[in-house]
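# Close look at the chain arrangement
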Amino acid sequence: MNAQPGHPGQAAPEVLSRVTKVHGLMLAANQAPMDADCRTFINIPCYSPQEIQNAYGLASILNAGYTGVGETIIIIVSFGSPTIAQDLQIFDADYGLPDPPSFTVLAPLGTVPFDPTNSDQVGWAFETTLDVEWAHAIAPGADIVLLTIPVSETEGMQGMPEFLLLEQYALDHHLGKIISQSWGATENTLFTPAGQQVFEDFERFYQDAAQQNVTVLASAGDVGSDNPDINGTIYPFPVGFSRHRHHS
């Protein structure tokens, strides 16, 4: 999921303010939010892990013991979240989920201090929490490795080489067989010689991943073919979003 293609932080403030309101109320009540609370306070429905599992037809599979045990989900994001481990523990306790067998956060390229006044970092923290919690909800028996970069992936080349380095790191160090790319950019912002090189570099990586039986999942985007250029202006014609293909 991306709050906005390549720009989680830009779309986050309004959503975060509404979610934070419900979250605060539920913390005070020491319980997980109910659907009625979400509809009342943020005007959208919200669903429990069990409801999502049922919606995707996973309940019988999970009940049969196929919970992801023995597998590792690798999640790739910018910045990460300073509270992700605690957030996941609370999420699990609220919804009756077991903790993952292991949860590891790695930053091979380094980190930057988290700035709560930086909407971009806050947006990526929101994205990180969503990705980790819901990957765990779908495969509660799988290990999780969160890989972060110290820069924001936006549009065009920004953040793309760093993300590729993370994914190559995961492959080289055999961290797991499932890589989740919860990010993307408008294809048109990469119609440059440097952008073409990015395409080619990722394609080579995907071929390597496929040969090692590693599944790479791509963000589908939230707004269809309405996507921004490098300055954040929406293109006046349909454009492609996620060029990161699914290999397994």
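We now turn to the structure provided with this report. (Residues numbered from 1 in each chain as written. Predicted model: local features only at pLDDT ≥ 70, side-chain atom pairs only at ≥ 80, totals over all residues. Heavy atoms only, no water.)

## Regarding the overall build of the chain
- The secondary structure content of the chain amounts to 8 helices and 5 strands.
- Shown N-terminal to C-terminal, the secondary structure of the chain runs as helices and strands in the order α-α-α-α-β-α-β-α-β-α-β-α-β.
- Within the chain, the proportion of its 248 residues that are buried is 43%.
- Residue pairs in contact within the chain that sit at least 24 positions apart in sequence constitute 77% of those at least 6 positions apart.
- Total accessible area on the chain is roughly 12,100 Å²; 56% of this is exposed by carbon and sulfur atoms. (Helix = DSSP H or I, 4+ residues; strand = E, 2+ residues; numbered from the N terminus. Buried < 20%, exposed > 50% of the residue type's maximum accessible area, 1.4 Å probe, protein only. Contact = heavy atoms within 4.5 Å. Areas by Shrake-Rupley, 256 points an atom, 1.4 Å probe, with all protein chains shown as cover.)

## Topic: the pairing of strand β2 (residues 103-106)
- Note that β2 and strand β3 (residues 143-149) share 4 bridges and pair parallel. Within β3, the residue paired with Phe 103 across the bridge is Ile 144.
- This β-α-β element, β2 to helix α6 (residues 119-138) to β3, shows left-handed connectivity. (Pairing = 2+ DSSP bridges. Right-handed = clockwise from strand over helix to strand, strands pointing away.)

## A closer look at the nonpolar core
- Counting 35 residues, the largest nonpolar core has Ile 75, Ile 76, Ile 179 and Phe 205 as the members making the most contacts within it.
- Taken together, the elements giving at least two residues each to this core come down to β1 (72-78), α5 (84-95), α6, β3, α7 (160-172) and α8 (193-211).
- Excluding residues within four positions of it along the chain, Ile 76 makes contact with Leu 147, Phe 163, Leu 166, Glu 167, Ile 179, Ser 180, Ser 182 and Trp 183.
- Listed in part, the 5 residues of the second largest apolar core include Ala 32, Phe 91, Tyr 95 and Ala 137. (Core = buried A, V, L, I, M, F, W, Y, C linked by side-chain atoms within 4.5 Å.)

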